[in-house]
Amino acid sequence: MKKSVLVTGGAGYIGSHTVKALLDAGYDVHVLDNLASGAREAVDSRAKFTKLDVYQKEELRNYFRNNRIDAVLH
Ligand SMILES: NC(=O)c1ccc[n+]([C@@H]2O[C@H](COP(=O)([O-])OP(=O)(O)OC[C@H]3O[C@@H](n4cnc5c(N)ncnc54)[C@H](O)[C@@H]3O)[C@@H](O)[C@H]2O)c1
């Protein structure tokens, strides 16, 4: 099974390039971003995007309950 990596801020400048590099390296990639400054279109279509603010603790807990995440890049 592929390892899954969550990239927070994955719709931003550094995050979107990181997402693409991880996908090209064979990882299953999840993205969390509140789109405060990032753009949904910047996220590679192969990634699993969720609009979420990482300061929303309860939503973040639910996210980790519902998704298998092996590593986080913040
Ligand atoms: N760009 C650079 O050259 C550079 C250099 C060194 C360090 N950094 C650091 O790297 C990080 C990313 O930089 P960047 O240039 O990609 O910035 P960016 O603004 O392009 O990306 C940040 C992303 O985080 C998202 N975000 C912000 N607050 C959030 C929250 N509470 N919950 C979810 N998503 C949230 C934004 O919507 C955006 O998509 C920053 O911490 C920056 O200080 C950047």
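Above this text sits the structure in question.
Residues numbered from 1 in each chain as written. Predicted model: local features only at pLDDT ≥ 70, side-chain atom pairs only at ≥ 80, totals over all residues. Heavy atoms only, no water.

J.: Hey, could you run me through the pairing of strand 1 (residues 4-8) in this one?
T.: Walk down a regular strand and you will see the side chains alternate between the two sheet faces. Most of strand 1 is tucked away, with 5 of its 5 residues classed as buried. With burial as the criterion, each face of strand 1 is covered, one bearing Ser4, Leu6 and Thr8 and the other bearing Val5 and Val7. The sheet contact formed by strand 1 and strand 2 (residues 28-33) spans 5 bridges and is parallel. Across the sheet, residue Val5 finds its bridge partner in strand 2, namely Val29. Handedness of the crossover joining strand 1 and strand 2 through helix 1 (residues 13-24) is recorded here as right-handed. Sheet topology places strand 1 next to strand 4 (residues 71-73); 3 bridges connect them, and they run parallel. Counted as the bridge partner of Val5 is Ala71 from strand 4. (Buried < 20%, exposed > 50% of the residue type's maximum accessible area, 1.4 Å probe, protein only. Helix = DSSP H or I, 4+ residues; strand = E, 2+ residues; numbered from the N terminus. Pairing = 2+ DSSP bridges. Right-handed = clockwise from strand over helix to strand, strands pointing away.)

J.: For this particular structure, what's the right way to read the site of the ligand?
T.: Near the ligand there are 15 residues, and of these Tyr13, Ile14, Asp33, Ser37 and Asp53 occur at the shortest range. Gly38 has a polar backbone atom sitting 3.1 Å from an oxygen atom of the ligand. Contacts to the ligand include Val54, whose backbone N or O atom sits 3.0 Å from a nitrogen atom. Out of a free accessible area of 830 Å², the ligand has 50% covered by protein chains. Class assignment of the residues belonging to the shell around the ligand gives a composition of 8 nonpolar, 5 polar and 2 charged. (Near = heavy atom within 4 Å. Polar contact = N/O pair within 3.5 Å; in protein donor to acceptor, adjacent residues only side chain to side chain. Areas by Shrake-Rupley, 256 points an atom, 1.4 Å probe, with all protein chains shown as cover. Nonpolar A, V, L, I, M, F, W, Y, C, P; charged D, E, K, R; others polar.)

J.: Honestly, unusual backbone geometry in this entry has me stumped. Any pointers?
T.: The phi angle of most residues is negative, glycine excepted, and most peptide bonds adopt the trans form. With a phi close to 60 degrees, Leu35 is a non-glycine residue in the positive phi region. Here Leu35 lies in the loop between strand 2 and strand 3 (48-51). Its relative accessible area of 25% is what places Leu35 among the partly exposed residues.

J.: Help me understand helix 1 in this model?
T.: Helical geometry note: an α-helix holds 3.6 residues per turn, so side chains three or four residues apart project in the same direction. The terminal C-alpha atoms of helix 1, which comprises 12 residues, lie 17 Å apart, in line with the 16 Å expected from a rise of 1.5 Å per residue. Of the surrounding secondary structure, the elements contacted by the buried residues of helix 1 are strand 1, strand 2 and strand 4. Once helix 1 ends, the next one or two residues include Gly26, with phi positive near 100 degrees. (Expected span 1.5 Å × (residues − 1). Contact = heavy atoms within 4.5 Å.)

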